[in-house]
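# Overview (structure and organization)
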Amino acid sequence: MSGDGVIGPGGCRLLVEDALSDFGDFLMAYKGVTVTTRECYLRHVRTFLSELADPSGAIDLQVVSALRVRSYVTDRGGRYAPQSLKLIATAVRSFLRFAWMSGWTDADLTGAVGTVVTHRSGRLPKALSAEQMRRLLATPDRRTPTGVRDYALLLLLCRLGLRAGEAAGLRLDDIDWRSGELTVVGKGSRVERLPLPVEPGEAIVAWLTDGRPECDTRSVFTTLRPAGQPLSAGAIGHVVGSAC
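A separate point is the side chain of Thr222. As for its placement among the helices and strands, Thr222 is situated in strand β7 (residues 222-224). Residue Thr222 is classed as buried on the basis of its relative accessible area, which comes to 0%. If sequence neighbours within four positions are ignored, Thr222 has contacts with Arg149, Trp207, Arg212, Pro213, Cys215, Thr217, Gly228, Gln229, Pro230 and Leu231.

Shown next as structure tokens:
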């Protein structure tokens, strides 16, 4: 820890500003967040820790209960919009995981934060039924290069649950045909290896061999007019919207 923590009978006492400094360094060095994101997280975590600190500005995370964490987030439900509340929960959850990994507390309290539902109806959006999925995937005209590309895209998004930005960032080198896996770069530059099922794999092969124009870009999905430009996340969103 960057500051001087004080070990006492109650556990590990540390100054709020020292905890925030270490957490901020962790976000930049290991999570790869932007400066703006770091400052946003630190602002919300500072408010959280200020409620736990004693008059000297020190906290003992060992004595913080799951109920206290849960209450902190739920008590803000009536004061913040759902998206803002979700950001608060994410920041607090990230800090609590860091505190646990740092040995400041013996308990991993991240689960106490809970999930914030941000859908306007207050419920999670319904998934497509099997029949709706079948109709969606039948939309592209696979007799055309555009249809072959869009079918591969829709199938990849449906089967693997990729975001539009993740599909847009997919490169030829990210596909390991021998092992049947994809390397996907997600939010925060997080890298994940996902299995590539046979059906989406065959659709991608059809696009690469029968639809994708010859070009220098290594992006898997490209435009057709003009030929060979990487397909953007916005363009992929348009493909999905048109199919829907």
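Moving on from the coordinates now.
Across the interface, helix α1 (residues 16-31) lies against helix α4 (residues 82-101) with an axial gap of 11 Å and an inter-helix angle of 100°. With respect to α4, the element α1 is oriented roughly perpendicular. Residues Ala19, Asp22, Phe23, Phe26 and Leu27 of α1 lie in contact with α4, whose contacting residues are Ala91, Ser94, Phe95, Phe98 and Met101. A breakdown of the residues in the contact of α1 with α4 according to their chemical character gives eight nonpolar, one polar and one charged.

Turning our attention to the packing of helix α2 (residues 35-50) against α4. Their axes nearest at 9 Å, the elements α2 and α4 cross at an angle of 75°. Classified by the angle between their axes, α2 and α4 sit roughly perpendicular to one another. Of the residues in α4, those in contact with Cys40, Tyr41, His44, Val45, Phe48 and Leu49 of α2 are Leu87, Ile88, Thr90, Ala91, Val92, Ser94, Phe95 and Leu96.

Rules and cut-offs
- Residues numbered from 1 in each chain as written.
- Predicted model: local features only at pLDDT ≥ 70, side-chain atom pairs only at ≥ 80, totals over all residues.
- Heavy atoms only, no water.
- Helix = DSSP H or I, 4+ residues; strand = E, 2+ residues; numbered from the N terminus.
- Buried < 20%, exposed > 50% of the residue type's maximum accessible area, 1.4 Å probe, protein only.
- Contact = heavy atoms within 4.5 Å.
- Axes fitted to C-alpha atoms, helices over the stretch in contact; angles between N-to-C directions.
- Parallel < 35°, antiparallel > 145°, perpendicular 65-115°, else oblique.
- Nonpolar A, V, L, I, M, F, W, Y, C, P; charged D, E, K, R; others polar.

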